[in-house]
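Now for the letters of each chain:
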Amino acid sequence: MKTPVGVAAGVLALALVPLALSSYQLGLFTKMLIFALFAMSLDLVLGYGGLPSLGHAAYFGMGAYTVGLLALRVVDNFWIDFAAGLVAAALTSALFGLLALRARGAYLLMITLALAQVLWGIAFGWRWLTGGDDGLPGVPRPSAGLPWSLAGGLAYYYFVLVVGLAVTAALWTVVRSPFGMALRGIRESERRMEVLGYDTWRYKYAAFVLAGVVAGLSGNLYVYYNGFVSPAYLSIVFSATALIMVILGGAGTLLGPALGGAIIVLLENVVSSATERWLTVLGVIYVTVTLFAPAGILGSIKMGGPSGSPHTPPSRGGPDTVTARNA
């Protein structure tokens, strides 16, 4: 009973708080929601599937570039551009998954990094199409093709909120489904799952593509929010930031990375206004969390202390116990 009440209270707060915010604060809140989605997409493969990635920005950037290019140079229609961004992210993650998922551990990490850097190099060097390091400014907020305009900050915030809640509910359903339980089993012991008859590669591949689509969705939302897209959206720094968001909030908790994403965006804006070395501050925070709360903020709370880990199997109990600890 507590969970539905808590969810309803959280949704109500997200709906009402923006009414009391300034335009700057509203924009910051919108950005926090977008990056919460981005962090949750990485958590699906890292926290639940045990698949580390340093190239997750590739799908974010592909979605953003597709929307930006179509809106500026082809047709400014929300339905066409937004759908094309999702398709581009899905195709990219499907191709990269075929190439990367044959490897494991550090090798998987390096392959995903290399593949993302290929896209970064294309975006950086193909100046006549992508604008190079100058990027593509002036991407309009969606209006054409919609019965209402999302040009206003408050209207766009509520659009992002509705999309974010729908995606979060979908991901919550996925991680609590038999598919999600199988992913956790693969994370804990892929060999045992294979012995039980699971085609582990297909499970990992499906999760990899789904995570890419959600990352592309967040890229779509961000390019409309920012009105700009550049090769930085495909960079290793962007991928590493997503990784920090997941670890800070708690890998394998879904809502933890969303919290981590919101915290990182908030710190980035607050700290960068005080010093240009805000990345150093984020690095110190990352090291501190890794040392003293390896399960992340939400993971440590669920485990009852800073030393717990959401990946530690329970001493007794079945799948329901695992679900309660990880979902």
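Here, every reference points to the structure presented above.
Please read all numbers here as calculations on a predicted model, not as lab measurements.

To continue, consider the packing of helix H4 (residues 78-100) against helix H10 (residues 200-226). Interaxial distance between H4 and H10 falls to 8 Å at its minimum, and their mutual angle equals 145°. Read as a crossing pair, H4 and H10 show a hand that is right-handed. Each of Phe78, Asp81, Phe82, Gly85, Leu86, Ala89, Ala90, Ser93, Ala94, Phe96, Gly97 and Leu98 in H4 lies in contact with H10, whose residues at this interface are Trp201, Tyr205, Phe208, Val209, Gly212, Val213, Gly216, Leu217, Asn220, Leu221 and Tyr224. Looking at the contact of H4 with H10 residue by residue, the class counts come to 16 nonpolar, 6 polar and 1 charged.

Turning our eyes to something else, we now look at helix H5 (residues 105-125). Relative to the 30 Å expected for 21 residues at 1.5 Å per residue, H5 spans 31 Å between its end C-alpha atoms, a close match to the ideal helical length. Residues of H5 that are buried: Leu108, Thr112, Leu113, Leu115, Ala116, Leu119 and Ala123. An end-on view of H5 places all buried positions within 165° of arc, on one side of the element. For H5, exposure combined with an orientation more than 90 degrees from the buried face picks out Ala106, Tyr107 and Gly125. Residues of H5 that are buried sit in contact with helix H3 (57-73), H4, helix H6 (127-130), H10 and helix H11 (236-249).

Now for the packing of H3 against H10. Contact geometry of H3 with H10 gives a least axis separation of 7 Å together with a crossing angle of 45°. One way to sum up the angle between H3 and H10 is to call them oblique. Handedness of the H3/H10 crossing: right-handed. Together, Tyr59, Phe60, Gly63, Ala64 and Val67 of H3 and Phe208, Gly212, Ala215, Gly216, Ser218, Gly219, Asn220, Tyr222, Val223 and Tyr224 of H10 make up the contact between the two elements. Residue composition of the contact of H3 with H10, by class: 9 nonpolar, 6 polar and no charged.

This part takes up the nonpolar core. With 83 residues, the main nonpolar core has Phe35 and Leu221 as its most contacted residues. Not counting the four nearest positions on each side in its chain, Leu221 is found in contact with Ile34, Leu37, Phe82, Tyr156, Phe159, Val160 and Val163.

Right, let's get into the packing of aromatic side chains. With the rule as written, the count across this model stands at 26 aromatic pairs. Judged by centre distance (6.3 Å) and plane angle (75°), the rings of Phe35 and Phe38 are edge-to-face. Residue Phe35 and its partner Phe38 are located together in helix H2 (residues 23-48), separated by 3 residues, close to a single helical turn. Here the aromatic cluster, defined as three or more aromatic residues joined through ring pairs, consists of Phe35, Phe38, Phe60, Tyr222, Tyr225, Tyr233 and Phe238. Taking the ring centre of Trp201 as reference, the NZ or CZ of Arg102 above it sits at 4.5 Å. For Arg141, the ring lying beneath its charged end belongs to Tyr156, and the centroid distance is 4.4 Å.

Rules used throughout
- Residues numbered from 1 in each chain as written.
- Predicted model: local features only at pLDDT ≥ 70, side-chain atom pairs only at ≥ 80, totals over all residues.
- Heavy atoms only, no water.
- Axes fitted to C-alpha atoms, helices over the stretch in contact; angles between N-to-C directions.
- Helix = DSSP H or I, 4+ residues; strand = E, 2+ residues; numbered from the N terminus.
- Left-handed = near helix turned anticlockwise from the far one by under 90°.
- Contact = heavy atoms within 4.5 Å.
- Nonpolar A, V, L, I, M, F, W, Y, C, P; charged D, E, K, R; others polar.
- Expected span 1.5 Å × (residues − 1).
- Buried < 20%, exposed > 50% of the residue type's maximum accessible area, 1.4 Å probe, protein only.
- Arc of directions from axis to C-beta.
- Parallel < 35°, antiparallel > 145°, perpendicular 65-115°, else oblique.
- Core = buried A, V, L, I, M, F, W, Y, C linked by side-chain atoms within 4.5 Å.
- Phe/Tyr/Trp six-rings, centres within 6.5 Å; stacked < 30°, edge-to-face > 60°.
- Lys NZ or Arg CZ within 6 Å of the ring centre and 35° of its normal.

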